[in-house]
Amino acid sequence: IAALLQHESADVRGAALLVFEQCDSAECLPHLGAVVAFLQDSSNLFFVRAKALAVLKRCDLAECLPHLGAVVALLRDGAPSIREGAVRLITRCSREQRSVHLEAIAALLQHKSADVRGAALSTFSESCWSSKSRPPVFAECEPHLGAVVALLSDDEESIRQDAVRLVTRCSREQRSV
């Protein structure tokens, strides 16, 4: 099956990725470089990039982190569902890694797709506060709060509600500093 990842037909490459998507992480690891290459090759059809992203999502976090740059590049992909998938994969990354990419995530808060805005808002929020055991990285989030405030008038009710929660939390954090 690994040889099919190199096939000239996008349909065959997509089918091979579909098989890899069903495999466990250890079986995919030797072929992760080829899978990541599909993410970086914009000539691949949408479904090939989507399947490559799905395979990468199934990998252990430690295996994903070295390829985070390729995932961040997907934030500019032409397909909204690919961008949303990239945002969700970045969510899995450690807080320290996500904060490096906070600016790219914050830019997606203004995206025309509600799914992408919602995923970006969730990732932005988790980047600022991932758990009570770690202090918030409010100083890194603060420059991007204008984009969150703009979501208070979003067309999607769920995005407005999430934005209200985040702005409220930011307000509390600012008062406690």
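Residues numbered from 1 in each chain as written. Predicted model: local features only at pLDDT ≥ 70, side-chain atom pairs only at ≥ 80, totals over all residues. Heavy atoms only, no water.

S.K.: Looking at this model, I keep getting lost on the confidence of the model for the protein chain. Mind explaining?
M.R.: Low-pLDDT stretches of the model should not have their predicted coordinates read in fine detail. Counting all residues, the mean pLDDT for the protein chain is 78, and 79% of those residues have values of 70 or more. By mean pLDDT, the top-scoring element of the protein chain is helix α12 (residues 145–150) (92), and the lowest-scoring one is helix α8 (residues 95–100) (56). (pLDDT = per-residue confidence, 0-100. Helix = DSSP H or I, 4+ residues; strand = E, 2+ residues; numbered from the N terminus.)

S.K.: Teacher, can you tell me more about the packing of helix α1 (residues 10–22) against helix α4 (residues 46–58) here?
M.R.: Each pair of packed helices can be described by the angle between their axes along with the distance between the axes. The geometry of α1 relative to α4 is characterised by a closest axis approach of 9 Å and an angle of 20° between their N-to-C directions. Between α1 and α4, the crossing angle belongs to the class labelled roughly parallel. In the crossing of α1 with α4, the sense of the turn from one axis to the other is left-handed. Contacts between α1 and α4 involve Ala10, Asp11, Gly14, Leu17, Leu18, Phe20, Glu21 and Gln22 from the former and Phe47, Val48, Lys51, Ala52, Ala54, Val55 and Arg58 from the latter. The residue makeup of the contact of α1 with α4, split by class, is nine nonpolar, two polar and four charged. (Axes fitted to C-alpha atoms, helices over the stretch in contact; angles between N-to-C directions. Parallel < 35°, antiparallel > 145°, perpendicular 65-115°, else oblique. Left-handed = near helix turned anticlockwise from the far one by under 90°. Contact = heavy atoms within 4.5 Å. Nonpolar A, V, L, I, M, F, W, Y, C, P; charged D, E, K, R; others polar.)

S.K.: In this structure, what is going on with the packing of helix α3 (residues 32–40) against α4? I would like to understand it.
M.R.: Here α3 crosses α4 at 135°, and the two axes come no closer than 8 Å. Looking at the two axes, α3 sits oblique to α4. Every pair of crossing elements has a handedness; the one defined by α3 and α4 is left-handed. On α4, the residues touching Leu32, Val35, Val36, Phe38 and Leu39 of α3 are Val48, Arg49, Ala52, Leu53, Val55 and Leu56. In the contact of α3 with α4, the residues fall into 10 nonpolar, no polar and one charged.

S.K.: Mind showing me how you'd approach a nonpolar patch on the surface here?
M.R.: On the surface, a cluster of nonpolar side chains totalling about 260 Å² of accessible area is made up of Leu45, Phe46 and Phe47. Along the chain, the position of Leu45 falls in the loop between α3 and α4. What makes Leu45 partly exposed here is its relative accessible area of 42%. (Patch = residues over 30% accessible without salt bridge, like charges linked within 9 Å, V, L, I, M, F, W, Y side chains within 5 Å. Areas by Shrake-Rupley, 256 points an atom, 1.4 Å probe, with all protein chains shown as cover. Salt bridge = Lys/Arg side-chain N within 4 Å of Asp/Glu carboxyl O. Buried < 20%, exposed > 50% of the residue type's maximum accessible area, 1.4 Å probe, protein only.)

S.K.: Sorry if this is basic, but what is going on with the nonpolar core here?
M.R.: The nonpolar side chains of a soluble globular protein tend to be buried with one another. Residues Leu17, Leu56, Leu109, Leu121, Phe124 and Val148 are the most contacted members of the largest nonpolar core, which totals 49 residues. Here this core gets six residues from one element, more than from any other, and that element is helix α10 (residues 114–128). Those residues in contact with Phe124, other than ones at most four positions away along the chain, are Leu102, Ile105, Ala106, Leu109, Cys141, His144, Leu145, Val148 and Leu166. (Core = buried A, V, L, I, M, F, W, Y, C linked by side-chain atoms within 4.5 Å.)

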